[in-house]
Structure formats: structure tokens, C-alpha cells
Amino acid sequence: MNSSKTRRKVVAASTENGDSGDKLDQLLLSSAISNGEDLSPFIRKTFATGKPETLLHHLRHFCRSKESEIEEVCKIHYQDFIMAVDDLRSLLSGVELLKSSISNSNHQLQSVAGPLLTSLDSFIEARNKCQNITLAIESLQICIRLMEICSRVNFHLSKNNFYMALKCIDSIERDFLNKTPSSTLRRMLEKNIPAIRAHIERKISKEFGDWLVEIRTVSRNLGQVAIGQASAGRQREEELRIRQRQAEEQSRLSVRDTVYALEYDDDDDCVSSEGSDVNGSGNGSLGFDLTALYRSYHIHQTLGLEDAFKKYYFENRKLQLTSDFQVSSMTPFLESHQTFFAQIAGFFIVEDRVLRTGGGLINKMEVETLWDIAVSKMCSVLEDQFSRMRTANHLLLIKDYVSLLGVTLRRYGYSVDALLDVLNKHRDKYHELLLSDCRKQIAEALAADKFEQMWMNKEYEYSMNVLSFQIQTSDIVPAFPYIAPFSSTVPDCCRIVRSFIEDSVSFMSNGGQLDFYDVVKKYLDRLLTEVLDDALQKLIGSSISGVNQAMVVAANMTIFERACDFFFRHAAKLSGIPLRMVERSRPKFPLTKARDAAEEMLSSLLKKKVDGFMTLIENVNWNIDDPPQTENEYVNEVIIFLETLLSTAQQILPGQVLKRVLQDVLTHISETIVNFLAGDSVKRFSLNAVMGIDVDIKLLESFAENQASLVSEEEVVHLKKALVEARQLVNLLLSNNPENFLNPVIRERSYNALDYRKVGIISEKLKDPSERLFGTFGSRGAKQNPKKKSLDSLIKRLKDVN
């Protein structure tokens with residue numbers, strides 16, 4: 001800072017002293033030294049001018065100017081040092097005073113602390129006495145609390161509240177037994193606690209035994225209520241019957257659709273009043289009370305006998321189940337079967353409740369073990385009873401009730417497939433009933449279908465409706481949402497047929513016959529030909545009215561063709577037959593009639609559409625004098641319609657079906673053109689009009705050729721051949737020698753699609769090009785056109801032939 005002030009002073013002084021050369025050099029030198037710059041330029045300049053004395057003079061002058069500043073700074077620092085010394089001396093005097101004060105304070109403290117130390121010793125002695133008294137009080141309090149708990153134990157025992165009594169005993173053992181200061185009290189507890197536990201165990205065992213007797217008596221009524229409700233639910237939920245195999249066997253009834261139905265029933269007074277009991281609330285009029293059971297279980301848990309009680313419970317229930325079967329043999333089965341199955345249903349409803357709410361009293365595997373025993377016993381009883389029965393009504397009556405049992409127990413997660421399999425021992429009758437049921441299901445599925453392409457939003461829907469029947473066209477899973485090339489009829493009917501196959505195989509597999517594939521195949525053929533094929537034919541003949549519906553039905557038939565292969569493979573697989581044997585004897589497509597009817601219906605509807613556009617052929621100028629430059633209006637409209645149709649149809653119909661339908665439509669167009677020329681609407685037409693028809697046919701042929709992306713090249717040729725009649729007719733009319741038509745070789749090669757009669761009628765209408773207004777006057781005496789001569793000859797000879 002001082003150097004900067006000096007610089008400002010030097011500059012100011014230099015400025016005030018004028019602009020002489022020496023002053024300027026002195027100013028520059030001072031500035032350079034003050035700024036710490038290099039002085040070599042000044043030195044070189046001085047020696048270069050030969051005046052070093054001037055430089056030395058300036059340097060001395062600069063030194064003298066700085067000496068005064070240095071002196072001033074030293075004076076300032078010396079004054080500060082003197083002041084610091086004075087402060088230090090005053091501080092030393094204060095330290096002496098502080099030392100004297102501390103000494104006095106120490107003396108006073110020692111004189112005062114003596115009595116206080118004496119009081120402290122007295123306090124410590126008093127505190128020790130207080131602690132001893134407190135310890136005695138705490139011991140008394142422990143004893144008091146212990147006696148209070150013992151009193152509560154006695155109270156709970158007197159009220160038979162064993163669980164709370166055991167909780168109090170556990171509290172005594174945990175919190176007080178090892179802390180009790182009284183050895184007498186401790187010995188008393190150690191002696192009486194085991195005795196109390198043994199007493200509680202005896203009481204609870206008796207209570208559990210009473211519950212076992214009681215629950216057995218109410219299981220029968222419980223089962224009757226549950227089965228009665230299942231019967232009422234079947235009538236109220238008629239829409240679920242579509243998913244059932246048959247009225248008597250409900251092994252395919254969806255668990256998801258029926259679970260907890262007992263809980264939601266509010267219409268049946270009897271059922272609703274007992275609904276809580278069926279679901280195990282514990283305090284209903286049926287006495288479905290699990291309180292005693294759970295109380296016994298919890299007390300045994302508290303006693304440390306949980307595993308022993310579980311085993312005891314399982315063995316007792318198993319014994320009860322076995323005794324139920326023994327009692328059932330004492331009365332005629334036809335009279336007692338409802339009571340018998342109701343007893344079993346009630347038994348397993350109780351077990352399901354215990355499994356779900358018993359806190360581990362019985363596990364799922366043990367319940368399944370009991371269920372396996374019951375299924376085995378029931379199957380044995382049914383086999384024996386069915387072998388004695390001679391009345392079909394009795395068999396169906398029992399079968400119906402057992403199917404209700406299956407529905408009831410399926411709601412609780414029990415598998416009844418093995419039980420239902422035993423019900424069906426009369427093969428022909430069973431399959432007739434099954435065919436009747438499938439006929440109804442297929443009719444309902446067809447009636448419910450709007451024949452619109454099916455949407456699938458999730459992969460599981462695609463798997464359920466496509467992959468499960470192996471009707472996919474590619475192994476690549478499509479993007480979702482996926483629009484299938486078929487309607488809901490296909491997966492619905494496939495599910496029905498697959499269910500039929502599985503039911504039939506399940507039925508036959510329990511009949512003691514090892515190789516039953518031929519039998520299953522026979523009934524599968526009947527289902528497909530007599531039921532599904534007939535239903536589809538009736539549907540096609542009565543309910544299909546639009547082109548879009550007809551296309552979907554035709555696409556359905558194509559999918560059914562793949563599905564039928566799956567059906568026979570699936571039947572073979574379930575029957576244990578190698579697939580190569582099925583492929584070797586691959587059956588004919590059983591839905592041929594329905595497929596042909598569907599394609600015929602689609603072709604018929606398309607022909608009607610095309611006929612609407614073909615009416616524009618009436619607007620053609622048949623006597624045009626000049627060759628047309630463009631195609632006629634009707635063919636444009638037809639091609640636009642066909643292209644629009646193909647853009648939609650190629651997403652639904654496979655190439656083969658599309659080729660057959662399109663070929664039929666093109667054939668119809670060709671026939672329409674020929675028939676129109678042969679009809680009464682056209683009296684005369686010129687050769688130029690035929691040229692216009694030639695342009696139209698070429699356009700249609702070009703349209704057929706453009707379908708190479710949809711069908712093979714060979715099939716494109718077949719599409720073009722669909723126009724062969726119109727093409728051959730135009731070629732004949734445009735040829736120079738129409739008379740060649742009469743040549744058998746040429747006719748077979750070039751005109752084999754033409755009819756003699758039509759050719760004769762159309763040839764007579766062809767007007768000679770020379771025939772103009774007053775043309776006979778101008779052409780009189782002229783040489784006749786060779787083509788006209790050949791045509792006249794053809795007409796004359798065709799008349800003779802006709």
C-alpha cells in the first residue's frame with residue numbers, strides 16, 4: 001500500500017515539476033523501480049548516451065526519497081512496542097492480586113467442608129437402610145401378585161375356563177416361579193402346577209370326545225343342506241351348464257364359477273338360514289360348532305401337546321369316516337344313498353373349514369389322505385351297487401346325486417374326477433346322453449355367436465382359444481390385441497369336442513378295456529358328423545345373411561379342419577395310441593358338407609353382390625362404331641368390389657378357400673357376360689363392342705394375375721381359366737375364321753368351354769362392320785367380307801346342328 005502511495009506521489013510530483021527531460025527520466029525510473037520492472041533498458045540507454053552519472057544521480061535521489069518513508073514506518077512500530085510493554089506490566093500486577101484471592105478462597109472452603117462430610121456419612125447409612133426396606137417391600141409385592149394369579153387360576157378352573165387358567169400358569173412359571181422369595185411357596189407351585197395341567201388335559205379330552213360325537217350327528221344334515229343348495233344353484237345358474245359335460249356328471253364344472261355359492265345364496269330360506277353353518281361360522285342351528293375343537297386344540301398347544309393332539313384328531317376322524325361306510329351297508333343303497341353321500345359331504349365340509357381356520361390342526365396332505373380314502377370307499381361301493389342294478393332310472397338317480405356331491409365338494413377344492421369316472425358303466429347309453437348334451441351345447445354356442453372375428457387381448461386368451469387346440473398358423477405368438485381369423489364358435493365348439501373326447505376316454509379308461517381308441521374314435525366321428533356338421537349346415541342355411549358373416553363361417557371351417565386333426569391326435573394321445581398310427585390312418589375331414597355349404601353360401605352371396613354391379617352391363621353401347629379406348633363401367637365396379645373384398649378376405653380366409661371362392665365368382669362373371677349376350681336384352685352388337693368386352697376380360701384376367709401374392713402361380717392359371725367361356729367367346733367373335741369352331745380339333749383346343757346353342761344365338765346378333773346406315777346401297781355389288789362369309793357359314797351350320 002505504501003509503495004502504491006509513493007508511486008502516486010512521484011507521478012504527482014513529476015507532473016507538477018514540468019516536462020523537462022531529466023525530470024521525465026527520473027519519473028520513469030522511479031515508476032519502474034516501484035513497480036518491480038526490469039531496469040536493463042534504462043541502463044543500456046544511459047551507457048548508450050554516455051551519461052551514467054545521470055542514472056546514478058536518479059538512483060541516489062530515489063534512495064533518499066525512500067529513506068524518509070522507512071523512518072516514518074519505524075517510528076510507528078516503536079510506539080506500538082512501548083504500549084505493549086506497558087500493558088504487560090499492568091497485567092503482572094493483576095496476577096499477584098488473583099493469586100492472593102485464590103489462597104483466601106481455599107482456606108474458607110476447607111473450613112466449611114468439614115461438617116458437610118460428616119452429614120454425608122450419615123446420609124449414606126440412611127440410604128442403605130432404605131434400600132433394604134424397599135427390597136423387602138418388593139418381595140412382598142411379588143408374593144402378593146403371585147397369590148393373586150394363583151387365585152385367578154382357581155377362579156378360571158372353577159369356571160372351566162381352562163385356556164385362561166393355563167395362560168395364568170404359564171405366567172407364573174415364566175415370571176414368578178424363579179423369582180419367588182418364599183421357598184415354601186415355590187415348592188407348593190412346583191407340586192400343584194403339573195397336577196392342574198393333568199386335570200385340564202382330562203377335562204379337554206372329554207370335551208373333545210363329546211365334540212366328535214356331536215359333529216358326526218350334524219354332518220349328515222350339513223351335507224344335505226349343501227347338496228340341496230347345489231341343486232338349486234344349478235337351476236338358477238343355467239348359463240353355467242354350457243361348461244358341464246352332462247346333466248348327471250359335473251366333473252367339468254368350473255371351480256371358479258361355483259366357489260362360495262353357498263355363502264351368497266339368499267333365495268332359499270332353508271339354505272340361507274344355514275349358510276353360515278355350511279361355511280363354518282360355528283354357531284348355527286345345525287350345530288356346526290368348532291369352538292370346542294379349537295378350544296381343545298389351543299389348550300393342547302399351551303400344554304405342549306400340539307403334535308399329539310393333531311395325530312389324535314386325524315386318527316379319530318379317519319376312524320369316523322371308515323365307520324360311516326360300514327353303517328351304509330346295513331340299508332338298501334337306493335334308499336340310503338342320499339344319506340350316505342350327505343354324510344360324506346358334511347364330513348369334508350367340516351374338514352375344509354378346519355383346514356382353513358384351524359391354525360394348522362390338520363394340513364392339506366392329511367385332508368387329501370382322508371379324501372382319497374373316501375373316494376376309494378365310495379368307488380368300491382358304487383362299483384358293487386351298480387353291478388347289482390338293472391334299472392337305468394336308478395343308476396341315473398344315483399348318478400345325479402353323486403354329481404351334485406361332486407359339485408358341492410368341488411367348491412371346497414376337492415377333486416371328484418375319480419368318483420365321477422365310476423358312475424358311467426353303460427357305454428352306449430352314456431355316449432348317447434353325452435352326444436345329446438354336446439348337441440345342446442353346440443347349438444347354444446352357435447346361437448350365441450355373432451360370427452365376427454374374435455378379439456384376444458391377453459396371451460392367456462390366445463393360449464386358451466388357439467394354442468390349446470393347435471389351430472395356430474404360426475409358432476410365433478402374435479402381438480396383442482390379436483384379431484383371430486375366426487369367430488367364438490371355433491374355440492367354443494373345440495372346447496365342447498375336447499371335453500367330449502376327454503369324457504369319453506375317461507369313461508372308457510375305467511371300463512377295463514385297454515385298447516379303446518377305436519371306440520372313442522367311433523363316437524368322435526358321430527359327434528363331428530351327426531352333431532357338429534349337421535348343426536353347422538343348419539346354421540349356414542338359416543342364419544347367415546351377410547358376406548362378412550359368410551367369410552367368417554368359411555374361415556371357421558378351415559380352422560375346424562386343423563382342429564379335427566387335433567381332435568383325433570388328442571383322442572389317440574389320451575388313449576395311449578402312438579401318434580404315428582393316427583397319422584398313418586388319417587381320417588377324412590368329417591365336416592366336408594358344412595365346409596362345402598359355407599363356401600357355397602359365401603360364393604352365392606358374392607355372386608349376388610357382383611350381379612348388382614353386372615347390371616351396369618346394360619349401359620354398354622353394343623352398336624358402337626369405333627373401337628373403345630377404355631374398359632366398360634361395369635367391370636370397373638366389379639374389380640373395385642373384388643379388390644375391396646380381397647383386402648378383407650385375405651386376412652381371414654386361407655389361400656385355398658379364397659382361390660375356390662374367387663374362381664367361382666369369376667366363373668359367374670364370365671357366365672353372366674355370355675348369358676347377357678345370348679339374352680334378349682341385346683338384339684344386335686358390333687365387332688367394336690366385342691372389342692370392348694375383350695378389354696373388360698383382359699382387365700379381369702389381369703386382376704386374376706395380380707393375385708399371385710395370395711395364391712400360387714398354378715392357382716393363378718386356374719383363376720384365369722374361370723373366365724374361359726367369355727374369353728373363348730370373344731376370341732371366336734374376333735377371329736377371322738369363326739367357322740373353325742365347327743372343327744372338332746380346333747374346338748377342343750380353343751373353344752371347348754362354349755355351348756353350341758349360345759354360340760349360334762350370339763353369332764346371329766353380331767353386326768357386320770360394313771353395315772351402316774344406307775350401307776347396302778354403297779356396298780351393292782362389292783365383294784363379301786371373308787370373315788362375314790365364315791360367320792354366316794357358322795350360323796347356318798349351327799342351326800342345322802341345333
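Preceding this paragraph is the structure being described.
This section reports on the structure supplied with the text.

About the criteria used
Residues numbered from 1 in each chain as written. Predicted model: local features only at pLDDT ≥ 70, side-chain atom pairs only at ≥ 80, totals over all residues. Heavy atoms only, no water. Core = buried A, V, L, I, M, F, W, Y, C linked by side-chain atoms within 4.5 Å. Buried < 20%, exposed > 50% of the residue type's maximum accessible area, 1.4 Å probe, protein only. Contact = heavy atoms within 4.5 Å. Phe/Tyr/Trp six-rings, centres within 6.5 Å; stacked < 30°, edge-to-face > 60°. Helix = DSSP H or I, 4+ residues; strand = E, 2+ residues; numbered from the N terminus. Polar contact = N/O pair within 3.5 Å; in protein donor to acceptor, adjacent residues only side chain to side chain. Salt bridge = Lys/Arg side-chain N within 4 Å of Asp/Glu carboxyl O. Lys, Arg positive; Asp, Glu negative; His and termini not counted.

### Considering the nonpolar core
Thinking step 1. Judged by nonpolar contacts, the single largest core of 124 residues is most densely connected at Phe-567, Trp-622, Leu-642, Ile-669 and Phe-685.
Thinking step 2. Ignoring sequence-local partners within four residues, the contact set of Ile-669 consists of Val-610, Met-614, Val-638, Leu-642 and Leu-700.
Thinking step 3. Formed by 54 residues, the second largest nonpolar core is a distinct cluster that contains Ala-345, Ile-362, Ala-374 and Tyr-414.

### A word on the packing of aromatic side chains
Thinking step 1. Considering all chains together, one arrives at 11 aromatic pairs under this definition.
Thinking step 2. Aromatic pair Phe-347 and Phe-348: ring centres 4.9 Å apart, planes at 70 degrees, arrangement edge-to-face.
Thinking step 3. The exposure class assigned to Phe-347 is buried, which follows from its relative accessible area of 2%.
Thinking step 4. Judged by centre distance (5.4 Å) and plane angle (85 degrees), the ring pair of Tyr-462 and Tyr-482 falls under edge-to-face. Note that Tyr-462 is positioned in helix α17 (residues 459-465) and Tyr-482 in strand β2 (residues 482-483), a separation of 20 residues in sequence. Like Tyr-462, the residue Tyr-482 is buried in the burial classification.

### Quick word on the side chain of Asn-688
Thinking step 1. With respect to the helices, strands and loops of the structure, Asn-688 is situated in helix α25 (residues 687-705).
Thinking step 2. For Asn-688, a relative accessible area of 12% translates into the label buried.
Thinking step 3. Polar side-chain contacts of Asn-688 include one of 3.4 Å to the backbone oxygen of Ile-624.
Thinking step 4. Contact partners of Asn-688, with chain neighbours within four places excluded, come to Ile-624, Asp-625, Asp-626, Pro-627 and Pro-628.

### Considerations on the pattern of salt bridges
Thinking step 1. Counting across every chain of the model gives 15 salt bridges.
Thinking step 2. Here Glu-351 and Arg-317 are joined by a salt bridge, their closest N and O atoms 2.6 Å apart. Of this pair, Glu-351 sits in helix α12 (residues 333-357) while Arg-317 sits in helix α11 (residues 306-328), and the two are 34 residues apart along the sequence. Per residue, the accessibility class of Glu-351 equals that of Arg-317, and both read buried.

### Points about the environment of Leu-602
Thinking step 1. Here Leu-602 is to be found in helix α22 (residues 592-614).
Thinking step 2. Separated by 63 residues in sequence, Leu-602 and Val-665 have C-alpha atoms that sit 9.8 Å apart.
Thinking step 3. Those residues in contact with Leu-602 that sit more than four places away from it in its chain are Val-547, Ala-550, Met-551, Ala-554, Leu-653 and Val-661.

### Quick notes on unusual backbone geometry
Thinking step 1. Here Phe-480 and Pro-481 are connected by a cis peptide whose omega angle stands at 5 degrees.
Thinking step 2. Positive phi, normally seen in glycine, also occurs at Phe-451, with a value near 55 degrees.
Thinking step 3. Within the element layout of this structure, Phe-451 appears in the loop between α16 (427-448) and β1 (455-456).
Thinking step 4. Positive phi, normally seen in glycine, also occurs at Gln-470, with a value near 55 degrees.
Thinking step 5. Here Gln-470 shows up in the loop between α17 and β2.

### A short note on the side chain of Asp-437
Thinking step 1. Mapping Asp-437 onto the fold places it in helix α16.
Thinking step 2. Here Asp-437 occupies a buried position and makes no salt bridge, while the nearest side chain of opposite charge, Lys-440, is found at 5.9 Å.
Thinking step 3. Side-chain polar atoms of Asp-437 contact the side chain of Gln-441, separated by 2.7 Å.

In short, the description is geometric, and any link to function would need to be established separately.
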